[in-house]
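One letter stands for each residue in the lines below.
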Amino acid sequence: MSLLDASLYFTAALIAGALLEPLASRYRLPLNLMLMIAGFLASEALVHLGIDTGLRWYNFHDLVFYLLIPFLIFDTASRLNRAALLREWRVIALMAGPVLLAGAGLTAVLIYYAVGHPAGFPLSAALLAAALLVGTDPGEVIAISGVDLRYQRSTVLLEGESVISDVLAVTLFAVFLDDALMGVKHIDFLTAGRIFLWSAAGGIAVGLIAGGLGWIVVRVVAAGTARALAAASIAFGAFIVCQYFVEGSGAIAVLIATLMTISHPGWGNETERATVHVLGWSARVVLFVIAGATVTTFMFRDHWLAMLIAVAAASLARVVAVNSGLSGMNILSRGDEFSLGERSQITVGGVKGAIVLALALSLPLEFEAWYTVQSMVYGVVIFTLVAHPLIARALIRRIP
């Protein structure tokens, strides 16, 4: 696909986002879901008219992975409430560490045994699918219940979990992708652990250097749009350097660099926040429209059972992992018990969003089960975008 074609698709996606956002706000509909539907309907309409758009998900692999993902992580990390995160960092570490990984492990096991086809869908494929589903995007749930004073603490946890889960998803995706490409049936978890640690160490090292440059930019460049774009460019450069040259986790590098940059006292005026928001908004809009355009009716016809398995596995794993981990969180949160409403919000906050879709669009054709895994991911994303906000609204009304 040519650069001109990509530019046209991106322009069309941004126009669709600008038109749909006020409608989503007025009728309290999830914008991300509307963008996917718009992309799907536009693609289907063109196909029925006999027009081949040339749009294939693999055409966007490099653009999605190397361009959209860094800006998505930069946007999410830059919007974190630093004071609240420092206050609840131990609970967030538990939530986004052991609890998240336990949920991913349970998801992989459930998917693997439910599919029940080791030859065509080995454990490595189930692990890759679970890694893709690690990322969370609780924005819709937070918008519904986060304004309620009862959910301020759980909202902070969901925001912290979101950015860390996105970074974990990108890192775990890279760790398990090689095994999945080779169709490995017996995973060497010790080797996978070493690869993960090496990837994390590389990401931390590059992130620290990039974060230092970010501090210099904040000190030297005048506050405003130029400084925000420079900080975003540094985060983007950290991702590329780490992925290409260090072979570490570019996602971790972006996270570290962004957190260091925004920790400078001079960072964060209204213009800079608006600029970062535009970058993140643009990346999300383009991603969801492209994802919708790559969805086909054949996907639902051929892989409806795989989608249902993934939805059930991811949902059950979320409930079990979150509620099992909350007892440990209660100890770390200074003895304050999490209420039923907070537990419920944290559970339904496991919405799958932009990073999950980006990784699904980054699956290589060489991976034999790519279509099955991609269908699973799309199914979970669509389900959580539809069901979780509805559940959140019902909980707000019914839980005192």
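A brief report on the enclosed structure follows. (Residues numbered from 1 in each chain as written. Predicted model: local features only at pLDDT ≥ 70, side-chain atom pairs only at ≥ 80, totals over all residues. Heavy atoms only, no water.)

For R28, which is not glycine, the phi dihedral falls at a positive 55°. Secondary-structure assignment places R28 in the loop between α1 (3–26) and α2 (31–48). Phi angles above zero are rare outside glycine, and E247 is one such case at about 55°. Residue position: E247 is located in the loop between α10 (225–246) and α11 (250–262). (Helix = DSSP H or I, 4+ residues; strand = E, 2+ residues; numbered from the N terminus.)

What follows deals with the environment of S154. Among the structural elements, S154 can be located in helix α8 (residues 152–182). Taking the C-alpha atoms as reference points, S154 and S344, 190 residues apart in sequence, are found 9.5 Å from one another. Residue contacts for S154: discarding those within four places in its chain leaves E342, Q345 and I346. A polar contact of 2.3 Å, which involves the side chain of S154, links it to the side chain of Q345. (Contact = heavy atoms within 4.5 Å. Polar contact = N/O pair within 3.5 Å; in protein donor to acceptor, adjacent residues only side chain to side chain.)

A contiguous nonpolar surface patch, about 420 Å² in accessible area, is contributed by I209, L213, I216 and V220. Tracing the backbone shows I209 in helix α9 (residues 189–220). Here I209 falls in the exposed class, since its relative accessible area comes to 61%. (Patch = residues over 30% accessible without salt bridge, like charges linked within 9 Å, V, L, I, M, F, W, Y side chains within 5 Å. Areas by Shrake-Rupley, 256 points an atom, 1.4 Å probe, with all protein chains shown as cover. Salt bridge = Lys/Arg side-chain N within 4 Å of Asp/Glu carboxyl O. Buried < 20%, exposed > 50% of the residue type's maximum accessible area, 1.4 Å probe, protein only.)

Formed by 118 residues in total, the largest nonpolar core has its most connected members in I69, L287, L359 and F367. Excluding anything up to four places from it in sequence, L287 contacts V64, L68, L72, A354, L357, A358 and L361. Core analysis: the next-biggest nonpolar cluster, separate from the first, contains 8 residues, A210, I234, A238 and A257 among them. (Core = buried A, V, L, I, M, F, W, Y, C linked by side-chain atoms within 4.5 Å.)

With that out of the way, let us pick up the packing of helix α3 (residues 61–78) against helix α12 (residues 270–294). α12 packs onto α3 with a crossing angle of 135° between their chain directions and a minimal axis gap of 9 Å. Taken together, α3 and α12 sit at an angle that is classed as oblique. In the crossing of α3 with α12, the sense of the turn from one axis to the other is left-handed. Of the residues in α12, those in contact with V64, L68, L72, F74, D75, T76 and S78 of α3 are V276, H277, G280, A283, R284, V286 and L287. For the contact of α3 with α12, a count of residues per class yields 8 nonpolar, 4 polar and 2 charged. (Axes fitted to C-alpha atoms, helices over the stretch in contact; angles between N-to-C directions. Parallel < 35°, antiparallel > 145°, perpendicular 65-115°, else oblique. Left-handed = near helix turned anticlockwise from the far one by under 90°. Nonpolar A, V, L, I, M, F, W, Y, C, P; charged D, E, K, R; others polar.)

To continue, consider the packing of aromatic side chains. Per the counting criterion, the structure on display carries 9 aromatic pairs. The interplanar angle of 40° and the centroid separation of 6.4 Å between the aromatic rings of F65 and F173 together place this pair among those described as tilted. Of this pair, F65 sits in helix α3 while F173 is found in helix α8, placing the two residues 108 residues apart along the sequence. For F65, a relative accessible area of 7% gives the class buried. (Phe/Tyr/Trp six-rings, centres within 6.5 Å; stacked < 30°, edge-to-face > 60°.)

Another point: α9. Relative to the 46 Å expected for 32 residues at 1.5 Å per residue, α9 spans 46 Å between its end C-alpha atoms, a close match to the ideal helical length. A192, S199, A200, G202, G203, V206, G207, A210, G211, G214, V217 and V218 are the residues of α9 that are buried. Next to the buried residues of α9 lie α8, α10 and α11. (Expected span 1.5 Å × (residues − 1).)

This paragraph deals with the side chain of T136. Its place among the elements puts T136 in the loop between α6 (123–132) and α7 (139–145). Excluding anything up to four places from it in sequence, T136 contacts E161, S162, S165, D166, R318, G349, G350, V351 and K352.

Turning our attention to the side chain of T347. Looking at the element boundaries, T347 is found in helix α14 (residues 340–348). A distance of 2.9 Å separates the side chain of T347 from the backbone oxygen of R343, its partner in a polar contact. The residues contacting T347, other than those within four sequence positions of it, are R318, V319, V322, N323 and H388.

None of the figures reported here should be taken as evidence of function without further support.
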